[in-house]
Amino acid sequence: SGSSEFRRLARDLKDGKEISFDDILGSAKPWMRQVAPVMERVRKVNEAKWVDARVSEWTRNYTLSVAERNELREYFKGRSEENAEKITDVINSDQSGFVEFIQATDNDWRDFEGANDLMEGFLEGEELGQFKGERLAKRVDVVQEEADRKLGRLDEIVGLSDEQQAELFGVMARGSDDYLPEVNPQDYHGETAPLDRRARDLAINGVLTLDQRKALDEHRENQVREVAEQWGRYQLAPPKDFDLLEGDIF
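All values derive from a computational prediction rather than experimental measurement.

Chemist: Describe the overall build of the protein chain, naming the residues involved and giving the relevant values.
Modeler: Within the protein chain, the secondary structure is distributed over 9 helices and 2 strands. The helix and strand sequence of the protein chain, counted from the amino end, reads α-β-α-α-α-α-α-α-α-α-β. Its C-alpha atoms give the protein chain a radius of gyration of 23 Å, more than 25% over the compact-globule value 18 Å for 250 residues. The buried share of the protein chain, taken over its 250 residues, is 34%. As displayed, the protein chain offers around 15400 Å² of accessible surface, 49% of which is attributable to carbon and sulfur atoms.

So, in structure tokens, the structure goes:
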């Protein structure tokens, strides 16, 4: 069935008909289901290597018992299996599309934040303070890098004054998914309440001039048009719910 669907898609492409990534993923699912056992073995081998390296690093830097090391390994294993199950559910469903597949495979370090909570339960005294400090420093770096990147992008679009850049740096930082009130990038002093995207965009508009807001609105409209043109150029229809994957314009 997968081969016949591939042939149908190939004919549609040759005939100049519009297809979507949902069609491509659907035609690939039978094959993906067949190779799933092999991919599962590969995942477990790679997972074991990653977990051993992470646990070894923390054992070298902190005092961990054998039981605590094993508990960390079990935590990492459980989270990895949960992520793998999401992908399996998408592959085994005839209704799931390209967007669901991307969302299921989109994992990052935040998926394993629970390991940090475990470590804080294991440690005490100076070691606990050191671990918390390293954890906070990592989050500060992530938030600061994101804020600088988005602020630079906004500056390219509308042209910000020095005063606007100083004010909006805090807005961008507070709008990061990784921001916490105790995060203090570059000795930032100001409001500490986290912002969702809507609140962040309102705060940005409050700092911009009328002409700058118009330039930003035009940029957003141009982006929407460019995305549609790109899909059309390749004779591809956007996947269903594609707007859920549309990231921040910054």
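On we go from here.
Chemist: I'd love a proper account of a negative patch on the surface, names of residues and values included.
Modeler: A surface patch of negative charge is lined by Glu 74, Glu 81, Glu 85 and Asp 89. Note on placement: Glu 74 falls in helix 3 (residues 66-92). Residue classification places Glu 74 among the exposed residues on the basis of a relative accessible area of 52%.

Chemist: Describe the environment of Leu 151, naming the residues involved and giving the relevant values.
Modeler: Here Leu 151 lies in helix 6 (residues 125-158). Since its relative accessible area comes to 6%, Leu 151 is described here as buried. Measuring from C-alpha to C-alpha, the distance between Leu 151 and Gln 164 comes to 9.9 Å, with 13 residues separating the pair along the chain. Discounting residues that sit within four places of it in the chain, Leu 151 has contacts with Leu 160, Gln 165, Leu 168, Phe 169 and Met 172.

Chemist: Go over the nonpolar core, please, and point to the residues and values.
Modeler: Core analysis: the biggest nonpolar cluster contains 22 residues, and Leu 154, Leu 168, Ile 204, Leu 216 and Phe 250 have the highest contact counts within it. Breaking this core down by element, the ones donating at least two residues are helix 6, helix 7 (162-174) and helix 8 (197-207). The biggest single contributor to this core is helix 6, with 7 residues. Not counting the four nearest positions on each side in its chain, Ile 204 is found in contact with Leu 154, Leu 168, Val 171, Met 172 and Phe 250. Of all hydrophobic cores here, the second largest spans 16 residues; its members include Val 51, Leu 72, Phe 76 and Phe 131.

Chemist: Go over helix 4 (residues 98-105), please, and point to the residues and values.
Modeler: Of all the residues in helix 4, the buried ones are Val 99, Phe 101 and Ala 104. Here the buried face of helix 4 lies against helix 2 (21-61) and helix 3.

Chemist: Give a detailed account of the layout of surface pockets, specifying residues and quantitative values.
Modeler: Considering only enclosed or pocket space, the largest pocket measures out at about 640 Å³ in volume. In terms of lining, the largest pocket is formed by 24 residues, of which the most central are Met 39, Glu 40, Arg 43, Ala 84 and Ile 87. Ranked by residues supplied to the lining of the largest pocket, first place goes to helix 2 with 13 residues. Considered class by class, the residues forming the lining of the largest pocket number 14 nonpolar, 6 polar and 4 charged.

Chemist: Please give an account of helix 9 (residues 210-233) that cites residues and values.
Modeler: Compared with an ideal rise of 1.5 Å per residue, which puts 24 residues at 34 Å, helix 9 spans 34 Å between its outermost C-alpha atoms and is within 8% of the ideal. All of the buried residues along helix 9 are Gln 212, Leu 216, His 219 and Trp 231. As for helix 9, its buried residues are in contact with helix 2, helix 6, helix 7, helix 8 and strand 2 (236-237). Once helix 9 ends, the next one or two residues include Gln 235, with phi positive near 55 degrees.

Chemist: Outline the pattern of salt bridges, listing residues and values.
Modeler: For side chains of opposite charge, pairing can occur when their charged atoms come near one another. A full pass over the atoms with the stated rule returns 12 salt bridges. The salt bridge partner of Asp 94 is Arg 33, with a shortest N-O separation of 3.0 Å. Here the residue Asp 94 occupies a position in the loop between helix 3 and helix 4, and Arg 33 occupies one in helix 2, the gap between them amounting to 61 residues. Note on Arg 33: relative accessible area 29%, which makes it partly exposed. Put simply, Glu 82 and Arg 79 hold a salt bridge, and the shortest N to O gap is 2.4 Å. A residue pair is termed a helical-turn pair when its members lie 3 or 4 positions apart in one helix, as Glu 82 and Arg 79 do in helix 3 at 3 residues. What emerges from the salt-bridge pattern is a single network uniting Glu 40, Arg 43 and Glu 47.

Parameters and conventions
Residues numbered from 1 in each chain as written. Predicted model: local features only at pLDDT ≥ 70, side-chain atom pairs only at ≥ 80, totals over all residues. Heavy atoms only, no water. Helix = DSSP H or I, 4+ residues; strand = E, 2+ residues; numbered from the N terminus. Rg over C-alpha atoms; globule rule 2.2 N^0.38 Å. Buried < 20%, exposed > 50% of the residue type's maximum accessible area, 1.4 Å probe, protein only. Areas by Shrake-Rupley, 256 points an atom, 1.4 Å probe, with all protein chains shown as cover. Patch = residues over 30% accessible without salt bridge, like charges linked within 9 Å, V, L, I, M, F, W, Y side chains within 5 Å. Salt bridge = Lys/Arg side-chain N within 4 Å of Asp/Glu carboxyl O. Lys, Arg positive; Asp, Glu negative; His and termini not counted. Charge placed at Lys NZ, Arg CZ, Asp CG, Glu CD. Contact = heavy atoms within 4.5 Å. Core = buried A, V, L, I, M, F, W, Y, C linked by side-chain atoms within 4.5 Å. 1 Å grid on protein atoms, 1.4 Å probe; cavity = no way out; pocket = protein on both sides within 12 Å on 5 of 7 lines; lining within 4 Å. Points joined across faces, edges and corners; volume = space filled by probe spheres on them. Nonpolar A, V, L, I, M, F, W, Y, C, P; charged D, E, K, R; others polar. Expected span 1.5 Å × (residues − 1).

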